[in-house]
Amino acid sequence: MPNELIESARMDGASDGRIFLNIMLPIAKPVILTLAIFSVQWRWNDYIWPLIVLNKPKNYTLQVAIRGLVGAENINWTVLLGASVISIIPLLIVFVVFQRYITDSEITVGIKG
């Protein structure tokens, strides 16, 4: 975080809360959204906790249900790969929606070169 931005905001009479909300938060938005995408991906692909907690097959998450498609001796590859592709689609949608916010990092806004 450039100190010049904070100093100029203090010279203009901005309080610490206003500096945080109007300067620091917009600059940190790409980082926050990147962490949000990783958190959604982590929760979406979670396997162990739903496997432990859920006991009815109708309540299984998509990853637990995909693992249930794999048999001991036979694997229906077309169903398994199709279900895997379908499970990736929500993550791709989240990434596409937030992609412009991630790549839009303007840390040097307001600083004269």
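Look above for the structure.
None of the values given here were measured: they were computed from a predicted structure.

Caption draft 1: Inspection of the packing of aromatic side chains at higher detail. By the definition in use, this model includes zero aromatic pairs. One cation-aromatic arrangement involves Arg43 over Trp42; the distance from NZ or CZ to the ring centre is 4.4 Å.

Caption draft 2: Region of the structure containing helix H1 (residues 3-11). Of the residues making up H1, those classed as buried are Leu5, Ile6 and Ala9. End-on view of H1: buried residues confined to an arc of 95°, all on one side of the axis. Of the exposed residues in H1, those oriented more than 90 degrees away from the buried face are Asn3, Arg10 and Met11. Elements in contact with the buried residues of H1: helix H2 (16-44). Phi turns positive, to about 95°, at Gly13, one or two residues after H1.

Conventions we followed
Residues numbered from 1 in each chain as written. Predicted model: local features only at pLDDT ≥ 70, side-chain atom pairs only at ≥ 80, totals over all residues. Heavy atoms only, no water. Phe/Tyr/Trp six-rings, centres within 6.5 Å; stacked < 30°, edge-to-face > 60°. Lys NZ or Arg CZ within 6 Å of the ring centre and 35° of its normal. Buried < 20%, exposed > 50% of the residue type's maximum accessible area, 1.4 Å probe, protein only. Helix = DSSP H or I, 4+ residues; strand = E, 2+ residues; numbered from the N terminus. Arc of directions from axis to C-beta. Contact = heavy atoms within 4.5 Å.

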